[in-house]
Amino acid sequence: MQAQQPAPQKDGGVARWLRANLFATPKDALLSIIAIIFLVWAVPPVVEWLFINASWSGPDRSVCATVAQGGIQPDGWSGACWAFVNAKFDQIIFGRYPDAEFWRPLLVGALFTILLIPMLMPKMPYKGWNAFLLFLALPVVSFFLLYGGVFGLPIVDTSDWGGLMVTLILSYFAIAVSLPLGIILALGRRSKMPVIRTLSIIFIEVVRGVPLITILFMASVMLPLFLPEGMTINKFLRAIVGVSLFISAYMAEVIRGGLQAMPKGQFEGAASLGLKYWPTMRLIILPQAIKLVIPAIVNLFISIFKDTSLVSIIGMFDLLGIIKFNFTDSTWASPVTPITGLIFAGFVFFIFCFAMSRYSSFMERHLDTGHRN
């Protein structure tokens, strides 16, 4: 028998975390040291360019250009031109929406936030009413608020919409439509009825086989050629439909993967209880299948949020498009204006995409009940 050993001392705090995560092995220690050296070398100049040397306010390009370039900054100066973002902020958020009507998109954003927050909280009651208001009532109310023409509101044509507002609207409709439509297409592709299965397969494979740019181009340019003379469909609506159908085809394959991962015993157990097809899918199969593919679903949501920038090819200005459009303003033409605008756009996209990914991780942990007693 070996002699009794004393209990190991509790080792916590920063030192333990560093040893466990950065210096656990010689290879980890070497890579950590290299990474720290790189950060020490790269981060200070970036911070200096973005914040310390940056120009934060001003009336025109002169605050973002050196004396040799026709500005007021000393020669050799280089820094971010946040004055450009500050001056164009309203356009970046709302596009060419009239200044006097900004309260309308702001009200829509407030309503969306009020309805979204309880929807994201797992234990909030009245989820059915919440979903009805968020996905059915809010789109109708938002359209009349943003477009106008009722209750004395002046009409603001969708051609004047732009910026972050267009990005959020396109993403919201694409996400809200793609999930239920993707579920229907996935069930249709697995259906035992040949006609439904064939139609679902044709739709999914055709849409997945062409780029989103092609679908947007067809919806914007080719579709009006097939309409009766004098009949037109709003370009913004065509973009929403095109993006929603495109992401629905990919969503169908994601959901189908979750359905195929379900054990056969789940179907047999439902049949032993006397459940028909739709109760089986609604109560047993789909909740488990969707839980399995949450990471892939959120990945699609993030992808479509970024792909909304492609609507610029049909003459619509989303967040990235409106920023790039403002680069042509000679009042703010300077060497650092474009990179500052693109950095701001990237930061906004990162905030939304990172928030979606973190919420996805939270839901995975909340729904991961397989290891619990």
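Reference entry: report on the structure contained in this document.

Cut-off values and rules
The written sequence of each chain sets the order in which its residues are numbered from 1. With pLDDT at 70 or above as the cut-off, local features in this predicted model cover only qualifying residues; side-chain atom pairs require 80 or more to be listed or tallied, and sums for whole chains, interfaces and linings still use all residues. Note that the side-chain values use all heavy atoms of the structure and ignore hydrogens as well as water. Helix and strand labels come from DSSP, where a helix needs a run of H or I of at least four residues and a strand needs a run of E of at least two; each type is numbered from the N terminus. As defined in this context, the radius of gyration uses C-alpha atoms, and a globule is described by 2.2 Å times the residue total to the power 0.38. Residue exposure (1.4 Å probe, protein chains only): buried if accessible area is under 20% of the type maximum, exposed if over 50%, otherwise partly exposed. In short, Shrake-Rupley with a 1.4 Å probe defines the accessible areas, and a residue's cover is counted only from the protein chains shown. Positive residues here are Lys and Arg, negative ones are Asp and Glu, while His and the chain termini are left out of the count. Every charge is mapped to an atom, namely NZ of Lys, CZ of Arg, CG of Asp or CD of Glu. Note on geometry: axes are C-alpha line fits, over the in-contact stretch for helices, and angles between N-to-C directions span 0 to 180 degrees. Throughout, a crossing is termed right-handed when the near helix is turned clockwise from the far one, and left-handed when it is turned anticlockwise from it by less than a right angle. Contacts between residues were defined by any pair of non-hydrogen atoms, one from each residue, lying within 4.5 Å. Basically, the charged four are Asp, Glu, Lys and Arg, the nonpolar ten are Ala, Val, Leu, Ile, Met, Phe, Trp, Tyr, Cys and Pro, and anything else, Gly included, counts as polar. Definition used for salt bridges: Asp or Glu carboxyl oxygen within 4 Å of a side-chain nitrogen of Lys or Arg.

1. What about the overall build of the chain?
Piece 1. A count of helical and extended segments in the chain gives 15 helices and zero strands.
Piece 2. Taking 21 Å as the expected radius of gyration for a compact globule of 373 residues, we find that the chain reaches 26 Å, considerably beyond that expectation.
Piece 3. Dimensions along the principal axes, computed over C-alpha positions, put the chain at roughly 90 × 80 × 40 Å.
Piece 4. The proportion of buried residues among the 373 residues of the chain is 36%.
Piece 5. With the model as given, the accessible surface of the chain reaches about 22200 Å², and the carbon-plus-sulfur share is 70%.
Piece 6. Across the chain, the mean location of the 27 positive side-chain charges is 15 Å away from that of the 19 negative side-chain charges.

2. Concerning unusual backbone geometry
Piece 1. One non-glycine residue with positive phi stands out, namely Tyr 126, at about 55°.
Piece 2. Considering the arrangement of structural elements, one finds Tyr 126 in the loop between helix H5 (103–120) and helix H6 (127–147).

3. Examining the packing of helix H7 (residues 164–189) against helix H13 (residues 294–307)
Piece 1. At a minimum axis separation of 9 Å, H7 and H13 run at an interaxial angle of 150°. As H7 runs across H13, the sense of the crossing is right-handed. Only Ile 297, Phe 301, Ile 304 and Phe 305 of H13 make contact with H7, whose side of the interface consists of Thr 167, Leu 168, Ser 171, Ala 174, Ile 175, Ser 178 and Leu 179.
Piece 2. Counted by class, the contact of H7 with H13 contains eight nonpolar, three polar and no charged residues.

4. As for the pattern of salt bridges
Piece 1. Within this structure, the stated rule accounts for seven salt bridges.
Piece 2. A salt bridge links Glu 205 to Arg 189; the nearest nitrogen and oxygen atoms lie 2.9 Å apart. Of the two residues, Glu 205 sits in helix H8 (residues 194–208) while Arg 189 sits in helix H7, which places them 16 residues apart along the sequence.
Piece 3. A residue is classified by how much of its surface remains accessible, and Glu 205, at 34% relative accessible area, is partly exposed.

5. Looking at the side chain of Asn 130
Piece 1. Inspection of the secondary structure puts Asn 130 in helix H6.
Piece 2. For Asn 130, a relative accessible area of 8% gives the class buried.
Piece 3. Excluding residues within four positions of it along the chain, Asn 130 makes contact with Leu 115, Pro 118 and Met 119.

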